[in-house]
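Spelled out from the first residue to the last, the chains are:
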Amino acid sequence: MSVTRAVAIGCGHYLPDRVVENAEFEKTLETTDEWIRSRTGIERRHFAADDQKTSDLALEAAKMALKDAGIDASDLDAIVLATATPDQTFPSTATKLQAALGMNGGFAFDIQAVCAGFIFAISTANSMIIAGQAKRILVVGAETFSRIMDWTDRGTCVLFGDGAGAVVLEAQQGDGSSADRGILSTDLNSDGQFNNLLYVDGGVSSTQTTGVLRMQGQEVFKHAVTKLAKTGETAMERAGVTADDIAWVVPHQANLRIIKRTAAKMGISMDKIVVTVQDHGNTSAASIPLALSVAKQRGDIKRGDLLLMEAIGGGLAWGAATIRW
Ligand code: UT7
C-alpha cells in the first residue's frame, strides 16, 4: 500500500555569537557554576544581540536547512514556525521569515506550544503533507528567551538560552511500514489545569506588558519525567516500533537529570540520547531542531536512523514524534 510520508530532506540551526558561561551569573546572583552544572547539566548558553530578533535567528537556521536540502525558498509551499517569543504580537514571526527568505507564495504561520512547540509544529506540518495541502514545508523552532527572563530570579534565568533550528519536510511515497523514511507517528497532549506551573506574567489582553517567565521548577520536573516517558512510549507504539529500534532520542534539552530519568524509564541507554543542553541551555521550541542539526552535523544521525523526539513545556503541553531520517 502506498502512503504519503513527510520526509526530512534537510536541517539547519543557528546560535547567536554571544556565549554566556555559568560563571557570568556568579557576578550578579547567589549562584555557582557548580550548582547550575550539577542540577541542570548546563554549562553555557547563547544570547541574541540587542538588535537580533527571533526571525533573524530563524532566518539563519532556515537558510542552512534549505542549503542542506538543496532547494530554494521558492520551492516551499509553507512555513510552520514554533515560538513563544515572537518579534511582535502580530504579524506572525513565520510571515517575517517568509518575507526575509523572499518567498512570496504559499503560506506561513506560528505555533505556540512553548517548549513543546517544535513537536506541535512538526505534527501539524505532517498532517498537512498527508492531507495534500502542501508538498514541502519548512518547520522552524526559534526563540529569544533571554528577552523574557527575570534576571533577579536565580531559579529560572540561568536555565534558558536563545537559538533556532529548522527542518525541511517533503511529501514522498512510502509503503506504510515502519521501514519508511519520514514521520511515522506523533502524539500531542496538553493539560491547562497546570497553566500556573510555568507561564509568563504578562500579555496583550491581561497586563499589556510582555512579562517575564515564572516557573515552579520542582513541580514541572516531576510532570516532565512521567509525561515524557509516556508520550515517547505512545509514539513508539503508534509507529509499531520498540525502544530497541530507536537509533537516537532527540529530547527537549531542559535539564540533563530529566533527560537521564526519562531515558531510563523508557529503557533506552544514554549513548543513544542526543545531549546538547550543556552548550545551549533550554532554548524552548528551538531545542529539538537545534540538537537534531548539531547531531547530524557531527555525523551521529545518518539517513535511515529511527529517531524519537519528545518535549514538554508551559501549558502544560507535551508530545513526541518518531521519524526515520
Ligand atoms: O522547558 C520547560 C520545562 N522546564 C523544565 O523542565 C524545568 C524543570 N525543573 C528543573 O529543571 C529543576 O527543578 C530546576 C533546575 C529548575 C531546579 O532544580 P531543583 O533541583 O528542582 O532545585 P529546587 O528548585 O528544589 O531548589 C533547591 C535549592 C533551593 O534552595 P533551598 O530552598 O533548598 O535553600 C533554591 O533556592 O536550590 C536553590 N536554587 C539555586 N541555588 C543556586 C535555585 N536556583 C539556584 C541557582 N543557584 N541558580
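Residues numbered from 1 in each chain as written. Predicted model: local features only at pLDDT ≥ 70, side-chain atom pairs only at ≥ 80, totals over all residues. Heavy atoms only, no water.

A.B. asks: What am I meant to see in unusual backbone geometry here?
C.D. replies: A negative phi holds for most residues other than glycine; trans holds for most peptide bonds. The residue after Phe 90, namely Pro 91, is reached through a cis peptide bond having omega 5°. Along the polypeptide, Pro 91 turns up in the loop between β4 (78-82) and α3 (93-100). Of note, the bond from Gly 315 into Leu 316 is cis; its omega dihedral lies within 30 degrees of zero at -15°. For Leu 316, the position within the fold is in the loop between β12 (306-313) and β13 (317-324). Positive phi, normally seen in glycine, also occurs at Gln 208, with a value near 60°. Within the secondary structure, Gln 208 sits in the loop between β9 (198-200) and β10 (213-215). (Helix = DSSP H or I, 4+ residues; strand = E, 2+ residues; numbered from the N terminus.)

A.B. asks: Looking at this structure, how should I read the domain arrangement of the chain?
C.D. replies: As a measure of interface size, the accessible area lost when the parts come together is often cited. You can read the domains of the chain as domain 1 (3-174) and domain 2 (182-324). Once you take the C-alpha centre of each, domain 1 and domain 2 turn out to be 14 Å apart. Between domain 1 and domain 2, the contact holds 54 residues from the first and 50 residues from the second. Overall, the association of domain 1 and domain 2 removes approximately 3,800 Å² of surface from exposure, summing both partners, and the carbon and sulfur fraction of that is 66%. Summed over the three residues of domain 1 that lose the most area to domain 2, namely Cys 115, Ile 119 and Ile 148, the buried surface amounts to 17% of that side. (Domains from an automatic or database assignment. Contact = heavy atoms within 4.5 Å. Buried area = accessible area lost by both parts, 1.4 Å probe.)

A.B. asks: When you look at the environment of Gly 12 in this model, what are you seeing that I'm missing?
C.D. replies: Of note, Gly 12 is situated in strand β1 (residues 3-14). Of the residues examined, Gly 12 reaches a relative accessible area of 0% and is grouped as buried. Gly 12 sits 49 residues away from Ala 61 along the chain, and the two C-alpha atoms are 4.9 Å apart. Filtering out sequence-adjacent residues up to four positions away, Gly 12 remains in contact with Ala 61, Met 64, Ala 65, Gly 165, Ala 166, Pro 289 and Ser 293. (Buried < 20%, exposed > 50% of the residue type's maximum accessible area, 1.4 Å probe, protein only.)

A.B. asks: Sorry if this is basic, but what is going on with helix α4 (residues 117-130) here?
C.D. replies: Each α-helix winds once per 3.6 residues, and so residues spaced three or four apart point in a common direction. Here α4 contains 14 residues, and its C-alpha end-to-end distance of 20 Å stays within 8% of the 20 Å for a straight helix at 1.5 Å per residue. When you tally the buried positions in α4, you get 11 out of 14 residues, the bulk of the element. By the burial criterion, the buried members of α4 are Gly 117, Phe 118, Ile 119, Phe 120, Ala 121, Ile 122, Ser 123, Ala 125, Asn 126, Met 128 and Ile 129. Taken from the residues just after α4, Gly 132 is the one with a positive phi, measuring 80°. (Expected span 1.5 Å × (residues − 1).)

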